[in-house]
Amino acid sequence: MATRIVVPQLGNEITEAEVTEFHVAVGDTVVEGDAVATITTTKMAVEIETPENGEIASVDVEEGSIVKIGTTLCTLS
Amino acid sequence: MPKELVVDPTSTRRRTEIEFKPIPVHAYDRSLAEERKLRGDAALTEILRHMMVVREFESMIASFKATGSYRGIEYAYRGPAHLSIGQEAAAVGQAVSLEPGDQIFGSHRSHGEFIAKGMSAFAKMPKEDVADLMANHRQGRLAETVDAHLDSVGTSNAEAFLLFGLLAEIFMTQLGFNGGMGGSMHAFYAPVGAYPNNAIVGASAGLATGAALRRKLSRDGGICVANIGDGSTGCGPVMEAMNFASMAQFRQLWQAPFDGGLPVLFFFTNNFYAMGGQTSGETMGWDRLSRIGAGVNQEQMHAETVDGTDPLAVADAVARKRQLLAQRKGPALLDVECYRISGHSTTDANAYRDRDEIRLWKQHDAIELMAGKLINAGLLRDDQVEDMKADTVRTIEAVTSAAVNPNIAPPVDVGSNPTLIGKFMFNDTSQPVPSGISTFTHPKGEVAAMRALARKARNGRDEEGNLHSPLRAVTLRDGLAEAIVHHLEHDPLLIAYGEECREWGGAFGVHRGLSEVLPHNRLFNSPISEAAIVATAIGHALAGGRSLVELMYCDFIGRAGDEIFNQLAKWHSMSAGELTVPVVLRASVGSKYGAQHSQDWTGLITHIPGLKAIYPATPFDAKGLMASALSSNDPVVAFESQRLYDQVELFADRVPEEYYRIPIGEPDVKRTGEHITILTFGPSLYKAVAAADELARDGISVEIIDARSLVPFNYDPVLTSIKKTGHLLIVTEASERGSFAMTVAATASRYGFADLKSPPRVLGSPNWIVPGAEMESTYFPQAHDIIDVVAGEILPDGRNRRRGVRNWDDLALARAGL
Ligand SMILES: Cc1ncc(C[n+]2csc(CCOP(=O)(O)OP(=O)(O)O)c2C)c(N)n1
Ligand SMILES: [Mg+2]
């Protein structure tokens, strides 16, 4: 089953964030706690970590794009 | 910057015990013969004489308070007289071991420390320097008076200058060191290191700590001393200051040459009493005051209890602590036990202590003991001691005769110059635009947050008029940040700190990225100590630095109440403008977190004379006003609405990349209109704009003025606007009662009365708690509330279309305390 890694809720006022950098590409293996992407809100930069081990099955948004809270960044298989 | 200190469970969970070292109590045991060898006989004799001068000076004040005269001189002294008769050895012992450049910060009972420090400093300074200091003090007026009336009084002109300048200040006359604006409990004379006395118990702890921060950064080798009493150990701000001074980061994270402990000595003159409460045995649990040191840091603050009735024991202890501070092992704590023979003040009935106790201490009088010691050792004869006393009395008598004579020491003439005191409230000057070489450790281009900001659009809408995302356009947060970055980069005297200010970037990210280019000594995380944050910022500024500090939420102002209201606001005026306090205190105005995290407390700040205050609502204004605040030589409180941090620019064409300033105190017309003027504070601007858009459809044309600043405040744009519209509505998120909006309404009524067609109206928040996010729209004035007031009450069009909940009866609410 694929696991989706999404943009988390980052505070009351925050509705969107910029995907500043992807640290992984399709096919990479990741270990729980690895940073898969850095996203930036107006207030801070946050590293998004994978919640479990796996392989990156898809990268769903482009670097530099602005995405809403809850958007899928990538999926694990 | 990456995380520097790792919290490792293997080491934190290891079984161990915390050990304490024994704390020395009365360890001093040097013989007089050794002291003679160490200091020389002349120095020992001088110590005795300095104690006599302090004693006679205070006896003179005691005599005025008790009988209205001293040695035949009549004078009605009305002010405070917290005397330290019996405690002279503590003051003089301390002063002999300090260098002229060391700075002491006093208490309500600090005449003795002031005199002792001044005499010691003058004696240690080169004669020419002393002459220059006197000649340059306030255009030489005090020196001329001393030359004319006190020539050849005492052992030197410098002493007459010091004693006369202090007494003239205690009597609140023009020639006093504070120009008559300070008095006994606030006297200072910085050139000898006598920084202000303080009428607030324990306040000097934080000020001295902040000044020590400046000493550390300037690396001038000097130390700072907080002169406070045993009773002050019960004050939160004293504990905060000691903890702040002991922060581990000074040793663990600050890099050479700024590493190591703060050079501050907490000198507790422990006379066993507050006013009447007994510290040891009644109001405190420490038993011996020095025990406190053991709880503060690993070095136990090098705490010691010393005999404050022996000036040599005190001098020895201060010299040893001074050495530790010079080796960057501070802070240090001394518990200096002595006894106040005089009352707390002259109205003290001594109900809290036995006559026998006073008698015991009179038999153990510090001056008699020291004189006896010197006589026994053959240093002085009885008659020489008597002569010394007689000379001292003659000096004090001469100084007193001059100080009570209005022809020599003229009173402050408020009668013929009624706004004289007002002139001392603000300095009103600014530093030039900082333009020195960059102090950053890396180019700004290497910081992701700064690179991202450089790419952003400078206005809030694209060519088609669509709103930019705050991720793509300069926001109010960015405006503040650009001004702050400029000042921090180019002004090496400016430091910034507050809770979570470094890696976190401040709770709301205004400092984001700065930790990558500024070392800890320019930007650091403070403890959660609002009182210490503000007090140290003031001390740092009084000692020549500039401070930018942050209170995460303005709701925390209460935690720093004294520091903001009595210290930050008052040192410029209480020193008649001699001291400047360039501090910017940022305070965010919250929302969504309920009653203790969402209150607009601008009214508390505007009520206190001596504070400037800004509340920008747009990125353009935020950048320009923050630049002015950081340049100002006056304290400025900067309010920032959390709801506006992500606000992009909707009014100015663009937010310039370049540095610019907007003068503090100038409201700005954001939209012109014909029928009604709406003056807004902070985020209310955007509610007013939304209301105005809707009202325009009904043919009501609104002029919108954004106050931008609160103190100072130029009424002209408001009065000019009223001339045209005839109606004024003021919208604020502060609770209405006692708000600054109410002040503006009253003043506008008075000066705009002839032009007004309806009474000015304030639409603020009700006089109850800020509710949770779910109910906020019923609390903070919304666009529909503004429309209800404008179209329903001020310019009624007969249509009932009320949408807000505010149809309450204000008079009935007022009767109920609401
Ligand atoms: C914050 C504050 N609380 C109370 C007072 C009133 N007050 C003035 S002096 C004093 C006693 C202070 O005791 P201590 O610190 O031991 O100094 P001492 O008077 O013994 O020199 C008090 C309670 C004050 N000035 N400031
Ligand atoms: Mg006391």
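Source: prediction; values computed, not measured.

Novice: Sorry, what's going on with the coordination of the magnesium ion (ligand 2) here?
Specialist: Perfect tetrahedral coordination of a metal by four donors corresponds to 109.5 degrees between them, and perfect octahedral coordination by six donors corresponds to 90 or 180 degrees. Residues and elements named next belong to chain B. Only Asp230 (OD), Asn271 (OD1) and Tyr273 (O) from the protein coordinate the magnesium ion (ligand 2), and they sit 2.0 to 2.1 Å from it. All donors of the magnesium ion (ligand 2) belong to a single chain; written as a sequence motif, their spacing is D-x40-N-x1-Y. Like Asn271, the residue Tyr273 is buried in the burial classification.

Novice: Teacher, can you tell me more about the nonpolar core here?
Specialist: Nonpolar side chains tend to gather and get buried jointly when the protein is soluble and globular. With 88 residues, the main nonpolar core has Phe266(B), Ile564(B) and Leu679(B) as its most contacted residues. Counting 77 residues, the second-largest nonpolar core is a separate cluster that includes Leu44(B), Ala313(B), Ile367(B) and Val393(B).

Novice: Is there a simple way to explain the sheet that holds strand β15 (residues 676-680) of chain B in this structure?
Specialist: Whether parallel or antiparallel, the strands of a sheet pair through hydrogen bonds between backbone atoms. Residue and element names in this part refer to chain B. Overall, mixed pairing links the five strands, which are arranged β14-β16-β15-β18-β19 in an open sheet. In this open sheet, the two edge strands, each paired with only one partner strand, are β14 (668-671) and β19 (761-765). Going across the sheet, the axis of each strand differs from the next one's by a mean of 25°, ignoring polarity. Strand direction decides the pairing type here: strand β18 (residues 728-735) and β19, joined by four bridges, are parallel.

Novice: Hey, could you run me through the interface of chain A and chain B in this one?
Specialist: The extent of an interface is frequently quoted as the accessible surface area lost upon association of the parts. Each partner contributes residues to the interface: chain A has 14 residues there, and chain B has 14 residues. Counting the surface lost from both chain A and chain B, the interface buries some 1200 Å², and carbon and sulfur atoms represent 47% of this. Of all residues in chain A, the largest losses of buried area upon contact with chain B belong to Glu13(A), Thr42(A) and Lys43(A), amounting jointly to 51% of the total for that side. Our enumeration of links across chain A and chain B arrives at one salt bridge. A salt bridge links Glu18(A) to Arg472(B); its shortest N-O distance comes to 2.9 Å. The tally of links between chain A and chain B comes to seven residue pairs in polar contact (both at pLDDT 80 or more). No other element matches the three residues that strand β2 (residues 16-22) of chain A contributes to the side of chain A that touches chain B. Residues that form the side of chain A that touches chain B fall into these classes: four nonpolar, six polar and four charged.

Novice: How should the site of ligand 1 be read in this particular structure?
Specialist: Residue and element names in this part refer to chain B. Taken together, 14 residues lie near ligand 1, and His108, Arg109, Asp230, Gly231 and Asn271 sit nearest. Within the side chain of His108, one N or O atom sits 2.7 Å away from an oxygen atom of ligand 1. Taken by itself ligand 1 offers 580 Å² of open surface, and the protein chains cover 71% of this. Considering only residue class, the shell around ligand 1 consists of six nonpolar, six polar and two charged.

Novice: Would you mind going over the packing of helix α25 (residues 684-697) of chain B against helix α28 (residues 783-794) of chain B with me for this structure?
Specialist: Relative placement of two packed helices is described by the angle separating their axes and the distance separating the axes. Residues and elements named next belong to chain B. Contact pair α25 / α28: the axes reach a minimum separation of 8 Å and the direction vectors enclose 50°. With respect to their mutual orientation, α25 and α28 come out oblique. As for the relative orientation of α25 and α28, their crossing is right-handed in sense. Counted together, Lys687, Ala688, Ala690, Ala691, Glu694 and Leu695 of α25 and Ala783, Ile786, Ile787, Val790 and Ala791 of α28 form the full contact between these two elements. Among the residues making up the contact of α25 with α28, the classes are represented as nine nonpolar, no polar and two charged.

Cut-offs and rules
Residues numbered from 1 in each chain as written. Chains lettered and ligands numbered in written order. Predicted model: local features only at pLDDT ≥ 70, side-chain atom pairs only at ≥ 80, totals over all residues. Heavy atoms only, no water. Donors = N, O, S within 2.8 Å, 3.2 Å for Na, K, Ca; no water. Buried < 20%, exposed > 50% of the residue type's maximum accessible area, 1.4 Å probe, protein only. Core = buried A, V, L, I, M, F, W, Y, C linked by side-chain atoms within 4.5 Å. Pairing = 2+ DSSP bridges. Helix = DSSP H or I, 4+ residues; strand = E, 2+ residues; numbered from the N terminus. Axes fitted to C-alpha atoms, helices over the stretch in contact; angles between N-to-C directions. Contact = heavy atoms within 4.5 Å. Buried area = accessible area lost by both parts, 1.4 Å probe. Salt bridge = Lys/Arg side-chain N within 4 Å of Asp/Glu carboxyl O. Polar contact = N/O pair within 3.5 Å; in protein donor to acceptor, adjacent residues only side chain to side chain. Nonpolar A, V, L, I, M, F, W, Y, C, P; charged D, E, K, R; others polar. Near = heavy atom within 4 Å. Areas by Shrake-Rupley, 256 points an atom, 1.4 Å probe, with all protein chains shown as cover. Parallel < 35°, antiparallel > 145°, perpendicular 65-115°, else oblique. Left-handed = near helix turned anticlockwise from the far one by under 90°.

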